[in-house]
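Fold and geometry: a report
Residue-level listing of the chains:
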Amino acid sequence: MTTSRLSIDLDALKANWRALDAKSAASVESGAVVKANGYGLGAPRVAQALAEAGARRFFVAAAEEGLAVRQALGPGVQICVFSGHGKGDAALLEQADLVPMLNSVEQFRRHRQALPGAAFGVQLDSGMNRLGLEPADWAALRDEALAAGPELVMSHLACADEPDHPMNRQQLAAFRDMVAGLSVPCSLSATGGILLGPDYHFQVTRPGCGMYGGLPFAEARPVAYLDLPVIQTRQVAAGESVGYGNTWVAERVSVIATVAAGYADGLHRLMGPKTMTYAGETACPIVGRISMDLITVDVTGLPEVPDYLALLNEIQTVDDLAANAETIGYEILTSLGARYARHYRG
């Protein structure tokens, strides 16, 4: 089957990173989060582009992700692992020169025993209750950890995409208390935190979804473009149904295009009834259910059916698809499937 084309605009990615970098003072370092295979867009190429833009500190979720980024970038940049030092990670952390963000006393002991003298960071729990040392554990470990020379001390905001949420100030106060007096670089903010203002910036920020064209960075340029190949067209008579479950019935003689993509490619069934495809600027609605490999589209109004219909473009973004699927742009991006033919431009 012909595969859909996922085009990644590396110039837009760089521009978004620079725009987020400009939100903080020149003294604040902007890193780059490239976990989940660069938010679905290909971590090696994404990381290379961001390094060209000026990023020198990268963040991944797991050590295995870090290896792919190290192979793409080579030496000279720092790659931090949010999940820390898990059992069996030592060889990979050492091989790829990764910096685990240690989340517990147990991880700290494991790292110091397995890789004495190796770089590490510390993640603190400022109230999200997901990863990181609790305040009491940090108080007990703090002197020993600081004596070992961490590269970074970080935490993560739970509600940064809601600027007025009281949790933001609560976590800021908790993090300030835990890092008071430290000379180590500190980091609290991903994209949402960057937009909350300088109180949240500390010494290092971690741009993520905003770099890839997603909210909460409303000024972001689109980075991902998705074109779906038309593999068949047919005329459907009034009263005939299309797709599983007969959920759509033609009210008139209609031309239906079948395109090669589906929920196996990260296009959730829930988004179907509200989502358009585009022939240039002309909207063509999805009709019937999105299936595993195929989507049907009403192209009756087109004078000529093109070879491809666009699903992601400058009109319909990842956040539009997210709203249609009752989810968030992060999930749309990171769900983009392996079958897409990825093309990079810029």
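Refer to the preceding data block for the structure.
Residues numbered from 1 in each chain as written. Predicted model: local features only at pLDDT ≥ 70, side-chain atom pairs only at ≥ 80, totals over all residues. Heavy atoms only, no water.

Now for the layout of surface pockets. Here the largest pocket defines a volume of roughly 800 Å³. Lys 35, Tyr 39, His 156, Ala 190 and Tyr 330 are the residues nearest the centre of the largest pocket, which is lined by 34 residues in total. Elements represented by at least two residues in the lining of the largest pocket include exactly helix H2 (35–39), helix H9 (191–196), helix H10 (318–324) and helix H11 (329–335). In terms of residue class, the lining of the largest pocket is built from 20 nonpolar, nine polar and five charged. (1 Å grid on protein atoms, 1.4 Å probe; cavity = no way out; pocket = protein on both sides within 12 Å on 5 of 7 lines; lining within 4 Å. Points joined across faces, edges and corners; volume = space filled by probe spheres on them. Helix = DSSP H or I, 4+ residues; strand = E, 2+ residues; numbered from the N terminus. Nonpolar A, V, L, I, M, F, W, Y, C, P; charged D, E, K, R; others polar.)

Residues Leu 13, Leu 41, Leu 50, Phe 58, Tyr 212, Ile 295 and Leu 333 are the most contacted members of the largest nonpolar core, which totals 77 residues. In terms of residues, this core owes the most to one element, helix H3 (residues 43–53), which gives seven residues. Contact partners of Leu 41, with chain neighbours within four places excluded, come to Leu 6, Ile 8, Val 46, Tyr 212, Val 223, Ala 224, Leu 333, Leu 336, Arg 342 and Tyr 344. Trp 138, Ala 145, Met 178 and Tyr 200 belong to the second largest nonpolar core, which has 22 residues in total. (Core = buried A, V, L, I, M, F, W, Y, C linked by side-chain atoms within 4.5 Å. Buried < 20%, exposed > 50% of the residue type's maximum accessible area, 1.4 Å probe, protein only. Contact = heavy atoms within 4.5 Å.)

Bringing the side chain of Asp 89 into the picture now. Relative to the helices and strands, Asp 89 resides in the loop between strand E5 (78–81) and helix H5 (90–95). Excluding anything up to four places from it in sequence, Asp 89 contacts Ala 63 and Gly 84.

The next thing to look at is the packing of aromatic side chains. What the rule picks out here adds up to five aromatic pairs. Look at Phe 175 and Phe 202: their rings are 5.0 Å apart centre to centre, the planes differ by 80°, and that puts the pair in the edge-to-face class. Taken together, the residues span a long stretch of sequence, with Phe 175 in helix H8 (residues 166–179) and Phe 202 in the loop between H9 and strand E10 (204–205) at a distance of 27 residues. Take Phe 175 and Phe 202: they sit in the same class, and that class is buried. Three or more aromatic residues joined by ring pairs form one cluster here, namely Tyr 39, Tyr 212 and Tyr 330. The residue whose ring lies beneath Arg 5 is Tyr 308, and the NZ or CZ to ring-centre distance is 3.8 Å. Over the ring of Tyr 225 we find Arg 345, and its NZ or CZ is 4.3 Å from the ring centre. (Phe/Tyr/Trp six-rings, centres within 6.5 Å; stacked < 30°, edge-to-face > 60°. Lys NZ or Arg CZ within 6 Å of the ring centre and 35° of its normal.)

On to the pattern of salt bridges. With the rule as written, the count across this model stands at twelve salt bridges. The salt bridge partner of Asp 298 is Arg 252, with a shortest N-O separation of 3.7 Å. Of the two residues, Asp 298 is situated in strand E17 (residues 294–298) and Arg 252 in the loop between strand E13 (248–249) and strand E14 (254–260); the sequence distance between them amounts to 46 residues. Accessibility expressed as a relative area gives 11% for Asp 298, which makes it buried. Residue Arg 339 pairs with Asp 265 through a salt bridge whose shortest N-O separation is 3.0 Å. Taken together, the residues span a long stretch of sequence, with Arg 339 in the loop between H11 and strand E19 (341–345) and Asp 265 in the loop between E14 and strand E15 (276–279) at a distance of 74 residues. A relative accessible area of 39% means that Arg 339 is categorised as partly exposed. (Salt bridge = Lys/Arg side-chain N within 4 Å of Asp/Glu carboxyl O.)

Our next topic: the environment of Ser 24. Looking at where Ser 24 falls in the secondary structure, it is placed in the loop between helix H1 (10–21) and strand E2 (29–30). The exposure class of Ser 24 is buried, given its relative accessible area of 10%. With 177 residues separating them along the chain, Ser 24 and His 201 place their C-alpha atoms 6.8 Å apart. For Ser 24, the residues in contact, after removing those within four places along its chain, are Ser 30 and His 201. Among the polar contacts made by the side chain of Ser 24, one reaches the main-chain carbonyl oxygen of Asp 21 at a distance of 3.2 Å. (Polar contact = N/O pair within 3.5 Å; in protein donor to acceptor, adjacent residues only side chain to side chain.)

Looking now at the packing of H3 against helix H4 (residues 63–73). For the pair H3 and H4, interaxial distance at closest approach is 9 Å and the crossing angle is 50°. Accordingly, the angle class assigned to the pair H3 and H4 is oblique. Regarding H3 and H4, the two cross each other, and that crossing is right-handed. Contacts between H3 and H4 involve Ala 43, Pro 44, Ala 47, Gln 48 and Ala 51 from the former and Ala 68, Val 69, Ala 72 and Leu 73 from the latter. Its residues assigned to classes, the contact of H3 with H4 comprises eight nonpolar, one polar and no charged. (Axes fitted to C-alpha atoms, helices over the stretch in contact; angles between N-to-C directions. Parallel < 35°, antiparallel > 145°, perpendicular 65-115°, else oblique. Left-handed = near helix turned anticlockwise from the far one by under 90°.)

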